[in-house]
Structures are given as C-alpha cells and as structure tokens.
Amino acid sequence: MGQARIAQIRSSGTWGSALTSDEFAAIRSVGFDPVGQVFGAAVYSVGHDGYRCPATWRTLPDPQVSGSGDPGSFGPLVRAMGQARETAMSRLVAECRQLGGHGVVGVRLSIGSFPAGGPEFLAIGTAVRAEGTAPAPGVPFTSGLSGQDFAKLIMTGWVPAGLVLGISIGSRHDDLPTARQTRVTTGNAEVAGWTELVSESRRDARRQLEGDVRRFGAEGVVIQTMPLRVRQRDCPAQVGRHDHVVEATFTGTAVTRFATGGPRQARPTLTVMSLNPERDQVSRFRI
C-alpha cells in the first residue's frame, strides 16, 4: 500500500506536506524543498506485558522500572513498544528515500493502544531535499522540530540526526505506609512512595533517551514532549489493595554540529532548561 501511494505521488508531479505556510517559508529560506508527505505505522501484539506485583515476591515495595530488567517489571511491554516504534519510523524513512528526500521534518509520533490490543505507533512528517542536490546515499535524517526550528538549527551550524525516544513504565505496590499517607485524616502530606515512583520512572526514561542519542552518534537532544501518565490497577496478590503504574515518555530530536573532520571528546551530560516562560518547556542534554 505504501509503495502504491509513493508511486502515485511521483507520477502526479506534485507534492503534499504537513507544513504550515510559515514552516514552508522557513525551510525554503535555508535551502530545502518539500518533496512529499511521508507516513509510517505499526501495531504490535503483546502476549504478556511482564508485570507482576512486587508484593508477590518481595517484602519492600520499592518502585520497579522497565529498564532495570527486574522480574515482574513491564520490560516485555516496553520492548514491544520499542520494536513498534522502530518499524513505524523505518517505514517513514523508506518512503522519504523513495521520494528522493534527504530527511523528514516536522515528524509527529503518536503512541496509542490498538482497539484489539497491543501498542500502536504512528509517524507522519514531510520529506525534504536540499536544493540542487541528488538524493543522498545514506539514511535520511528524521526530526520532530517544526519548520521554523529546523531552519534556526541549520542557520546556527547544527543538523538533526534523528528522532529519539525514551520510554519507561514503573510500578509500585501501595503498601500500608502509602495507604496511611493517602487517608483524608492525614491532611496535607507528601506520599513518599508515589514521589519515588514518578522520579524513578522519569530517570529511567531519560536513560533510555540518552541511549537513543548515542545510537545516532549525536551530541545532544532537543526535547519536544515529556508526558507522564499515571494509572491505578488492582493488586493481583492482595485483595482490596492497589498498585500504581507510571508511564514516562521523552521524545525529541538528536542534533549534532556540522562535520569538523576531527575526533570529538566525550563530555558529561548537560541539561539546559528554557528561560522563556511563554514557550513550551525545552530541555537539551549534551552527551
């Protein structure tokens, strides 16, 4: 189906895009032309998400995160999500290559649940090509940056390397101390167990993101989104008790400088937060 759609685009002599008029003007200002809208999707089936309440096999209710490899964690589910994402992105890149593009800008990656079960990944963006050049033999870049931000990146001597993602699913059993801290009669008080669960899940997601950046050989990442989802489920080990599950996701664009011809020394991770309160929160990690 994808090949038929690309063949139709190529034979029509026209192109479509998901760009706004401002984005179109911005990418044209730095020497790139859109060549067509590209798309990739994948739905995976997960036989068992791997979860098993910690109360069934250990005494301490410490949070367990998918990246730790602990037994009973959501590791199998996160690995399936990673495979679905890789498949969707590879199909998007393949369409870009078929259109003769050098990369894809404005990629929007959505993660959902297919009605019949299993994670669903959908990626859509606009393939672009540098003016007056032939299609590059390498793998096209992917970027979640808007057309304006892509242009700013190019003008300052940086280029996108690829869309990166970090996902972690953490879980924690609501033990007796947690139950006491959440009673109405307790008043205003921190629920220490939930704080630890959120913190550990975000840290694990960031580790996964940094690994993705290294895979692209990039120097840093501009983060677009950092959503956090929290849900409660019945504990399978103790009737009437509950477990809390946190899903932390980081999505962004890995970036690197134009080639300098010399080796680059490894530097420690640096986090930079936007100081402009009118803009969305942006973080950059330099690796």
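Up top is the structure these notes are about.
In this text, all values refer to a predicted model and were calculated from it rather than measured experimentally. (Residues numbered from 1 in each chain as written. Predicted model: local features only at pLDDT ≥ 70, side-chain atom pairs only at ≥ 80, totals over all residues. Heavy atoms only, no water.)

**Overview of the pattern of salt bridges**
Right, so step 1: Overall, the coordinates contain eleven salt bridges when judged by the stated rule.
Right, so step 2: As a salt-bridge pair, Glu210 and Arg206 come within 3.0 Å of each other at their nearest N and O atoms. Pair noted here: Glu210 and Arg206 are both in helix H6 (residues 192-215), with a separation of four residues, about one helical turn.
Right, so step 3: Judged by its relative accessible area of 11%, Glu210 is buried.
Right, so step 4: Asp212 is the partner of Arg215 in a salt bridge, and the nearest nitrogen-oxygen pair spans 2.8 Å. With Arg215 and Asp212 both in helix H6, this residue pair falls three residues apart, about one helical turn.
Right, so step 5: Arg215 sits in the partly exposed class, given a relative accessible area of 46%.
Right, so step 6: A relative accessible area of 6% means that Asp212 is categorised as buried. (Salt bridge = Lys/Arg side-chain N within 4 Å of Asp/Glu carboxyl O. Helix = DSSP H or I, 4+ residues; strand = E, 2+ residues; numbered from the N terminus. Buried < 20%, exposed > 50% of the residue type's maximum accessible area, 1.4 Å probe, protein only.)

**Notes on the pairing of strand S9 (residues 242-257)**
Right, so step 1: Burial analysis of S9 places 14 of its 16 residues in the buried class, the great majority of the element.
Right, so step 2: Of the strand pairs in this sheet, strand S6 (residues 158-173) and S9 are connected by 15 bridges, and their pairing is antiparallel. Within the sheet, the bridge partner assigned to Leu165 lies in S9 and is Thr251.
Right, so step 3: By the bridge criterion, seven bridges tie strand S8 (residues 228-234) to S9 in an arrangement that is antiparallel. Bridge assignment links Arg229 to a residue of S9, and that residue is Glu247. (Pairing = 2+ DSSP bridges.)

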